[in-house]
Amino acid sequence: MKKRYALRFSPTLVEQPLVSKLVRTYDVDINILNADVASGRGGKLIVELSGTQEALSGSVAWLLDSGILVSEMFKELTFQEEGCINCGACTAVCSSRALSMDPQWKLVYDPALCVVCSLCVQACPMQLFEVSNEREA
Amino acid sequence: MAKSVAQINEKIKQGKVVVVTAEEFTLMAQHTSIEVLADEVDVVTTATFGPMCSSSAVINFGHWSPGIRMEEITLNGVSAYEGLAAVDTIIGATAESKFDPTYGGANVIEDLIAGKDVRLVARGKGTDCYPTKEIDTWINKDTINEFYLFNPRNSYQNYAAATNSTNKIRNTYMGILLPRCSNITYSTSGELSPLLNDPYLRTIGLGTRIFLGGTEGYVVWNGTQYNTTRERNEHGIPLGGGATLAVIGDAKKMSTDYIRSAYYEKYGISMFVGIGIPIPVLDVEMARHLAISNRQIDTMILDYGIEGHPSVGRTTYAELQSGKVTLPDGKEVKSAPLSSLSMAREIAKLLQEWIEEGSFFLTEAVHMFPQDSFVKTMVSREEGTR
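From a predicted model like this one, the values you see are computed outputs, not experimental measurements.

Visitor: Mind showing me how you'd approach the overall build of chain A here?
Guide: Tallying secondary structure elements over chain A gives three helices and nine strands in all. What you see in chain A, going N to C, is helices and strands ordered as β-α-β-β-α-β-β-β-β-α-β-β. Classification of the 137 residues of chain A by burial places 45% in the buried group. The contacts of chain A with a sequence gap of at least 6 include a subset with a gap of at least 24, amounting to 66%. As displayed, chain A offers around 7100 Å² of accessible surface, 49% of which is attributable to carbon and sulfur atoms. Distance between charge centroids for chain A: 3 Å, based on 12 positive and 16 negative side chains.

Visitor: Quick question: what am I supposed to make of the pattern of salt bridges here?
Guide: Opposite charge on two side chains makes pairing possible when the charged atoms of those side chains draw close. Residues and elements named next belong to chain B. Scanning all chains against the criterion turns up 19 salt bridges over all chains. For glutamate 23, the salt bridge identified is with arginine 345, shortest N-O distance 2.8 Å. One end of the pair, glutamate 23, is in helix 2 (residues 22–28); the other, arginine 345, is in helix 7 (residues 341–356), and 322 residues separate them in sequence. With its nearest N and O atoms 3.5 Å apart, the salt bridge here joins arginine 202 to glutamate 285. With arginine 202 in the loop between strand 13 (183–186) and strand 14 (209–212) and glutamate 285 in helix 5 (residues 284–290), the pair connects residues that are 83 residues apart, well separated along the chain.

Visitor: I tried to follow the side chain of Asp111(B) on my own but got confused; where do I start?
Guide: Locating Asp111(B) in the fold gives a position in helix 4 (residues 105–113). The contact partners of Asp111(B), leaving out residues within four places of it in the chain, are Asn76(B), Tyr103(B), Lys116(B) and Val118(B).

Visitor: For this particular structure, what's the right way to read the pairing of strand 8 (residues 134–139) of chain B?
Guide: In regular strands, side chains alternate between the two faces of the sheet. All names here are of chain B. Only one face of strand 8 is covered, namely the one carrying Ile135, Thr137 and Ile139; the face carrying Glu134, Asp136 and Trp138 has none of its residues buried. Where strand 7 (residues 118–123) lies against strand 8, six bridges are found, and the strand directions are antiparallel. Across the sheet, residue alanine 122 finds its bridge partner in strand 8, namely isoleucine 135.

Visitor: How do you make sense of the domain arrangement of chain B when you look at a structure like this?
Guide: By domain assignment, chain B separates into domain 1 (5–48 + 153–252 + 283–356) and domain 2 (62–144). Between domain 1 of chain B and domain 2 of chain B, the C-alpha centre-to-centre distance is 35 Å.

Visitor: Can you walk me through the packing of aromatic side chains in this structure?
Guide: Think of a pair of aromatic rings as described by two things: how far the centres are apart, and how the planes are tilted against each other in angle. Residues and elements named next belong to chain B. Overall, the coordinates contain 13 aromatic pairs over all chains when judged by the stated rule. Centre to centre, the rings of tyrosine 226 and phenylalanine 369 are 6.1 Å apart; their planes meet at 75°, and the pair counts as edge-to-face. Of the two residues, tyrosine 226 sits in the loop between strand 15 (215–222) and strand 16 (245–250) while phenylalanine 369 sits in the segment after helix 7, which places them 143 residues apart along the sequence. Note on tyrosine 226: relative accessible area 4%, which makes it buried. By the ring-pair criterion, three or more aromatic residues cluster together here, those being Tyr156, Tyr159, Tyr173, Tyr264, Tyr267 and Tyr304.

Visitor: Can you walk me through the domain arrangement of chain A in this structure?
Guide: By a frequent convention, interface size equals the accessible area lost on bringing the separate parts together. All names here are of chain A. Per the domain assignment, the segments of chain A are domain 1 (2–73) and domain 2 (77–136). Using C-alpha coordinates to define each centre, domain 1 is positioned 26 Å away from domain 2. On the domain 2 side, the residues contacting the ten residues of domain 1 number eight residues. Summed over both partners, the interface of domain 1 with domain 2 buries about 730 Å², with 42% contributed by carbon and sulfur atoms.

The rules behind each value
- Residues numbered from 1 in each chain as written.
- Chains lettered and ligands numbered in written order.
- Predicted model: local features only at pLDDT ≥ 70, side-chain atom pairs only at ≥ 80, totals over all residues.
- Heavy atoms only, no water.
- Helix = DSSP H or I, 4+ residues; strand = E, 2+ residues; numbered from the N terminus.
- Buried < 20%, exposed > 50% of the residue type's maximum accessible area, 1.4 Å probe, protein only.
- Contact = heavy atoms within 4.5 Å.
- Areas by Shrake-Rupley, 256 points an atom, 1.4 Å probe, with all protein chains shown as cover.
- Lys, Arg positive; Asp, Glu negative; His and termini not counted.
- Charge placed at Lys NZ, Arg CZ, Asp CG, Glu CD.
- Salt bridge = Lys/Arg side-chain N within 4 Å of Asp/Glu carboxyl O.
- Pairing = 2+ DSSP bridges.
- Domains from an automatic or database assignment.
- Phe/Tyr/Trp six-rings, centres within 6.5 Å; stacked < 30°, edge-to-face > 60°.
- Buried area = accessible area lost by both parts, 1.4 Å probe.

Right, dumping it as structure tokens:
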């Protein structure tokens, strides 16, 4: 199974190689979708963990033990499709190609490709995108 | 053989008129001669659905009892103009609410068109003929008298595409421009766009009946910043903003399908306006204009990251609509639209149906627009306060 988490680090934890420790300790694949980490300032990682249910819950428990704030991304991007006028402004900023125009110039949204960069939230002149809340893991 | 607008209207009346959209006409021109098309097709419909900031609505509220000569007028917290007699106003699309920067004049116009109640607050000096000093009430489109759209500048003939060479993201009216020229945005419907199909405005002038916001409207003047001096390519297409139109129409009959408020992050409010213009295929010369294809429509790419927006290159709508544009330095950049081509197509199709079913007739302009108009910039003077 795959789950996405937001990991929040304190400044001291940034100095530790947490991701590689996690991979070595648990049988999980980690895909970093978004990272905002800086030495001395702490940071946030959006990661997708794939592995068995056990491996995932073990990973989360271990991360929490290490002092990282872990929350599961339970809905990524929400899109109120009915208000869409198919202008295409959101596609200008979507590098993951989750948002694209089809041959009839209608907007297509593929949540599987979304990396939650949230640029479309600002780009949409109809304000139809929202990045949803996370929930505690 | 050349046709007149009157002859075309006679055909509409008889149900014999041949109408196609500008995209269909361009496609037909690939395998049919212009002469045959000029003969066989009577009307070509064009359309656009893009953000048009210079839009507004004129409203007459009806008199209050006892009377008030309105000042400091707000509609849902958005300021409306107070200098038009007692109970007339004009509200601009880009005016912002005092309480919410994402709500503005365009939202008020959209809410009124949707039939929603809007809060009206106004003050008055209290005079002999207008003694009331303050009102706070609710209006909707059924309680007010006139409510018409009056847009001083719509339907830009062409518009430059935008990119951003700086290291910082730019929030512009051309959308979000990523750093280091990582995207290009553009905002016309290309070969379907009204004024690209009649580049010298031979058939469009004062009094031209058009599709506006879901009902019929009229061209009432040349638009502001009307520019006939822009450099043109070999097909007569200006390489950037050229002609514009001022348009008018009864907002009470409009639909929120074709008038939509918009909010651009860190820029402000705008309004998507649906416009469709029928162009009579008067002769071979008009047919040649109408056969224009996206490959033949050029526009400049301007750098919105730098003051003065210098040009970084030139492209065509064929390239822009392909989703990738190659800049002069060889970099391939993603391109994305800001105006809705699918909505423009819907409008062109709807206008085609109206003409075919005989509910929309063409008009002959009663006054043509200037051929020698250019755009001045403001003059800055010292001692400017005097």
